[in-house]
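An overview of the molecular structure
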Amino acid sequence: MAASTGTGAAAASDSQASADPAMGGPALQYSVILDHLIGDKRPIKEVNPAVMGGLPMPPKSDEQKMIERGMESCAFKSLLACVGGFVLGGAFGVFTAGIDTNVGFDPKDPLRTPTAREVLKDMGQRGMSYAKNFAIVGAMFSCTECIIESHRGKSDWKNAVYSGCVTGGAIGFRAGLKAGVLGCGGFAAFSAAIEYYLR
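Residues numbered from 1 in each chain as written. Predicted model: local features only at pLDDT ≥ 70, side-chain atom pairs only at ≥ 80, totals over all residues. Heavy atoms only, no water.

1. Notes on the overall build of the protein chain
Counting its regular elements, the protein chain contains seven helices and zero strands. Going from the N terminus to the C terminus, the protein chain shows its helices and strands as α-α-α-α-α-α-α. Per-residue burial for the protein chain yields a buried fraction of 18% across its 199 residues. Sequence separation of at least 24 residues holds for 51% of the intrachain contacts in the protein chain that already meet a minimum separation of 6. Surface summary for the protein chain: the accessible area is close to 15,200 Å², and the carbon and sulfur share equals 67%. (Helix = DSSP H or I, 4+ residues; strand = E, 2+ residues; numbered from the N terminus. Buried < 20%, exposed > 50% of the residue type's maximum accessible area, 1.4 Å probe, protein only. Contact = heavy atoms within 4.5 Å. Areas by Shrake-Rupley, 256 points an atom, 1.4 Å probe, with all protein chains shown as cover.)

2. Observations concerning the packing of helix 6 (residues 157–172) against helix 7 (residues 177–198)
Where helix 6 contacts helix 7, the axes come no closer than 7 Å and their chain directions differ by 150°. With respect to helix 7, the element helix 6 is oriented roughly antiparallel. Crossing geometry of helix 6 relative to helix 7 is assigned as right-handed. Each of W157, A160, V161, G164, C165, T167, G168, G169 and G172 in helix 6 lies in contact with helix 7, whose residues at this interface are A179, G180, G183, C184, F187, A188, S191, A192 and E195. Considering only residue class, the contact of helix 6 with helix 7 consists of nine nonpolar, eight polar and one charged. (Axes fitted to C-alpha atoms, helices over the stretch in contact; angles between N-to-C directions. Parallel < 35°, antiparallel > 145°, perpendicular 65-115°, else oblique. Left-handed = near helix turned anticlockwise from the far one by under 90°. Nonpolar A, V, L, I, M, F, W, Y, C, P; charged D, E, K, R; others polar.)

3. A short note on the packing of helix 4 (residues 74–99) against helix 5 (residues 116–152)
The contact between helix 4 and helix 5 brings their axes to 6 Å, and the two run at 150°. The orientation of helix 4 relative to helix 5 falls into the category roughly antiparallel. Viewed along their axes, helix 4 and helix 5 form a crossing whose handedness is right-handed. For the contact of helix 4 with helix 5, the class distribution of residues is 18 nonpolar, eleven polar and three charged.

In structure tokens form, the structure reads like this:
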């Protein structure tokens, strides 16, 4: 009898401690806390950089807006792609000339060893040729992609495919209709593969 009375008193004290952990309120359950932290009852707050310790963004001036519009224009994108293609093509041409064993050799006298000036001259000519070709292709591709994107009003992988087809077709069309069709298909497939890899 005394043992049962002792167990009843212990259970009553445990229930009282769980019901009143802070001396005055019911115990909070773990699931209720989770609902308020990450569940449906979580309050949604506005993210303000000034409140979170960041600096507030000042309004843009007319000059900044004009510069942004200029940098987003098709002309600027084409110019940037042209310069980038020129640099990349020149580097690629010099690299391929550097590993080519026939650079500087005279076909009329193949036994003569070319001088350093002749080798450098051939490397420069090949680098300039590659630079011009890459610059033209880069400018054409970037300009047509920007025009197609502006016309469609969407920025997705189809813009690059259409632009690749136009660029490859225009370059290959100089050698005939068949070369233009092959250039369109090959450049479009290459552009699609690059877009798939990048996205």
